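If you want the building blocks of each chain, they are given just below.
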Amino acid sequence: MAYKAPRGTVDILPTESGKWQELEQLLRTICANYNVKEMRTPIFEHTELFNRAVGDTTDVVSKEMYTFEDKKGRSITLRPEGTAGIVRAYVENKLYGMPEKLQKVYYMGPMFRYERPQNGRQRQFHQFGVEMLGVESPYVDVECMLMAVTVVKALGLKNIQLHINSLGDQESRDAYREALQNHFQPVLNELCHDCQVRYEKNPLRILDCKVDKNHPMMQTAPKTIDYLSDNAKAHFEKVCALLDDLEIDYVVDPNLVRGLDYYSHTVFEIISDDPKLGAGSTVGGGGRYNGLVEELGGPQTPGVGFAFGMERLMIALGDDHDDDDEGLDVYIMPLGTEAKDLAMQIMTMLRANGFTCDMDQCDRGLKGQFKSADRFHAHFSMIIGEDEVQKEVVNMKCNHTKEQVEVPLENIVEFIENHYEGDHDHE
Ligand code: AMP
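In this text, all values refer to a predicted model and were calculated from it rather than measured experimentally.

### Notes on the overall build of the protein
And step 1. In terms of regular secondary structure, the protein is built from 15 helices and 16 strands.
And step 2. Relative to its length of 427 residues, the protein is extended, with a C-alpha radius of gyration of 28 Å against a globular reference of 22 Å.
And step 3. Look at the contacts in the protein between residues 6 or more apart in sequence, and 69% of them connect residues 24 or more apart.
And step 4. Of the roughly 22200 Å² of accessible surface on the protein, 48% is carried by carbon and sulfur atoms.
And step 5. Of the charged side chains in the protein, 45 are positive and 71 negative, and the gap between their average positions amounts to 7 Å.

Structure, rendered in structure tokens:
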């Protein structure tokens, strides 16, 4: 039987992993720039965590989770998103008691959702996300948005738009819930079964229903922004004013509600019309979640964050990345058994000295070995034939200048170092 990767998963091959590492490095650099530290949480959690945090009327929880029982009969779920695990860990490790009240963390890694695989949708995909916990302030909302905008700009994405909206505080949400119920009540029997359940449990979720999305009452549904309490309105106005001050372009999008239940106040999305991604693609989004820490058993603690789909960021990064500078320092080309024995010694010595190095293990002729040196972008090809073994030297060919010299075994390291010093192109 021929094994295949499960539907909706992909292998990242050695030819592609360099580009992933480049993306990860860029994200880590931006995080350091913003003083955001990494947090790593388990890939699986107790199912109850996601039911609670993400909400059991959301599509993610009700339809898309990879849930199974472990050998002791506990219900376990592969994480479909990152915030729930981060907040669980924040509470469990009492990070709310740290001297630094504002905890800023980031994560990146695989997430799992049982969705129909299609262009840009996988069952195992990757997210990069940031969470800022502990301070309820429009300034922190804006810091989060700034960071999200910095990421897409650093990737060179063109035509990006920051869409923002406010869902308000509990008071606003209660008023809005009632307005939504009044709005949909007359057409309730025209909506899908899921929406009829949502109507009772969580009417906000009707707005992101994939089945009823073209129902005429969707267009005329009340807008969250018209139901904000004075407090919530002041928070949102300050967010907008700060964005104006910083000259960050944004669009207030009253239809933006986000697909997860934990949001309150500010929500935002980054939408790109870059041809690389296709018009109107959401690259990522986030928002404030003031009730979540308490919901998961911690003290009342505000939070705000965002997540990006890394596969989309990868597309944004494009194919023009330069892997030349990842080339090997030395590719060793032995001819014959004795030369191979010596090559192993030299390779080990060079690696111990911090040089990147490899050798031919396929007993090929020079031509084939030179091709490998080329493929690995080797700075030097080191040729060792029978003569060289006898004379206790190696033949060093610089693949940039094409110069070739004989170097005694004991001088190899010195030779490479001197050569690099004189070569201004080499970093
Ligand atoms: P969400 O957690 O649903 O707000 O998603 C945040 C981002 O993750 C989205 O904007 C997408 O870029 C990405 N994303 C979500 N689900 C998938 C998926 N199944 N496959 C690939 N990317 C995804």
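### Focus on helix H15 (residues 412-422)
And step 1. Buried within H15 are the following residues: Ile 412, Val 413, Ile 416, His 419 and Tyr 420. End-on view of H15: buried residues confined to an arc of 135°, all on one side of the axis. In H15, the exposed positions angled more than 90 degrees off the buried face are occupied by Glu 421 and Gly 422.
And step 2. Packed against the buried residues of H15 are strand S12 (330-334), helix H12 (337-352), strand S14 (380-384), strand S15 (393-398) and strand S16 (404-408).

### So, the environment of Ala 175
And step 1. Mapped onto the elements of the fold, Ala 175 is located in helix H6 (residues 170-184).
And step 2. Separated by 51 residues in sequence, Ala 175 and Asp 226 place their C-alpha atoms 9.8 Å apart.

### Considering the sheet that holds strand S7 (residues 160-166)
And step 1. Here we have eight strands laid out as an open sheet, ordered S1-S5-S6-S11-S10-S9-S7-S8, and mixed in their pairing. Of all the strands in the sheet, the pair left with one neighbour each is strand S1 (37-38) and strand S8 (251-252).
And step 2. With seven bridges joining them, strand S9 (residues 264-272) and strand S10 (residues 281-288) adopt antiparallel strand pairing. Note that in S10 the partner of Ile 270 across the bridge is Gly 284.

### Focus: the sheet that holds strand S2 (residues 44-46)
And step 1. Strand order in the open sheet formed by three strands is S2-S4-S3, and the pairing between neighbours is antiparallel. Two strands lie at the open edges of the sheet, namely S2 and strand S3 (66-69), each paired on one side alone. The average angle at which neighbouring strand axes cross in this sheet is 35°, direction not considered.
And step 2. Bridge analysis of S3 against strand S4 (residues 75-78) gives four bridges, and the strand direction is antiparallel.

### Some words on the packing of aromatic side chains
And step 1. Under the definition given, this model contains 12 aromatic pairs.
And step 2. Considering the side-chain rings of Tyr 90 and Tyr 96, the 6.1 Å spacing of their centres and the 65° angle between planes classify their relative orientation as edge-to-face.
And step 3. Residue class for Tyr 90 comes out buried when judged on its relative accessible area of 2%.
And step 4. What makes Tyr 96 partly exposed here is its relative accessible area of 33%.
And step 5. When the centroid spacing of 5.9 Å and the interplanar angle of 40° are considered together, the rings of Phe 380 and Tyr 420 count as tilted. One end of the pair, Phe 380, is in strand S14; the other, Tyr 420, is in helix H15, and 40 residues separate them in sequence. Across this residue pair, the class does not change: Phe 380 and Tyr 420 are buried.

### Thoughts on the side chain of Ser 264
And step 1. Considering the arrangement of structural elements, one finds Ser 264 in strand S9.
And step 2. Overall, Ser 264 belongs to the buried group, its relative accessible area being 10%.
And step 3. If we ignore the near neighbours within four places in the chain, the residues touching Ser 264 are Leu 167, Gly 168, Arg 173, Arg 288, Tyr 289 and Asn 290.

### Some thoughts on the environment of Phe 236
And step 1. By the secondary structure assignment, Phe 236 is in helix H9 (residues 230-245).
And step 2. C-alpha of Phe 236 to C-alpha of Pro 138: the two residues are 98 residues apart in sequence and 7.4 Å apart in space.
And step 3. Not counting residues within four places of it along the chain, the set of residues in contact with Phe 236 comprises Ile 164, Asn 165, Ser 166, Ile 225, Leu 228 and Val 252.

### Quick look at the domain arrangement of the protein
And step 1. Each assigned domain of the protein is listed here: domain 1 (14-169 + 229-317) and domain 2 (326-422).
And step 2. Relative to domain 2, the C-alpha centre of domain 1 lies at a distance of 48 Å.

### Quick look at the site of the ligand
And step 1. In the vicinity of the ligand lie 14 residues, with Arg 113, Glu 115, Arg 121, Gln 122 and Arg 258 positioned nearest.
And step 2. Here an oxygen atom of the ligand and a side-chain polar atom of Gln 127 are 3.0 Å apart.
And step 3. Coverage of the ligand by the protein chains reaches 91% of its 490 Å² of free accessible surface.
And step 4. Among the secondary structure elements, those contributing two or more residues to the shell around the ligand are strand S6 (124-133), S10 and strand S11 (303-309).
And step 5. Element by element, the count of residues in the shell around the ligand is highest for S10, at three residues.
And step 6. Looking at the shell around the ligand residue by residue, the classes come out as three nonpolar, six polar and five charged.

### Considerations on the pattern of salt bridges
And step 1. Within the structure shown, the criterion is met by 20 salt bridges.
And step 2. The salt bridge involving Arg 28 is made with Glu 38; its shortest N-O contact spans 3.1 Å. Of this pair, Arg 28 sits in helix H1 (residues 14-33) while Glu 38 sits in strand S1, and the two are 10 residues apart along the sequence.
And step 3. Note that Arg 288 and Asp 141 form a salt bridge whose closest N and O atoms lie 2.7 Å from each other. One end of the pair, Arg 288, is in strand S10; the other, Asp 141, is in helix H5 (residues 138-154), with 147 residues separating them in the sequence. For the pair formed by Arg 288 and Asp 141, the shared burial category is buried.
And step 4. When salt bridges that share partners are traced, they join Asp 59, Lys 63, Glu 64, Asp 194, Arg 198 and Lys 210 into one network.

How each quantity is defined
Residues numbered from 1 in each chain as written. Predicted model: local features only at pLDDT ≥ 70, side-chain atom pairs only at ≥ 80, totals over all residues. Heavy atoms only, no water. Helix = DSSP H or I, 4+ residues; strand = E, 2+ residues; numbered from the N terminus. Rg over C-alpha atoms; globule rule 2.2 N^0.38 Å. Contact = heavy atoms within 4.5 Å. Areas by Shrake-Rupley, 256 points an atom, 1.4 Å probe, with all protein chains shown as cover. Lys, Arg positive; Asp, Glu negative; His and termini not counted. Charge placed at Lys NZ, Arg CZ, Asp CG, Glu CD. Buried < 20%, exposed > 50% of the residue type's maximum accessible area, 1.4 Å probe, protein only. Arc of directions from axis to C-beta. Pairing = 2+ DSSP bridges. Axes fitted to C-alpha atoms, helices over the stretch in contact; angles between N-to-C directions. Phe/Tyr/Trp six-rings, centres within 6.5 Å; stacked < 30°, edge-to-face > 60°. Domains from an automatic or database assignment. Near = heavy atom within 4 Å. Polar contact = N/O pair within 3.5 Å; in protein donor to acceptor, adjacent residues only side chain to side chain. Nonpolar A, V, L, I, M, F, W, Y, C, P; charged D, E, K, R; others polar. Salt bridge = Lys/Arg side-chain N within 4 Å of Asp/Glu carboxyl O.

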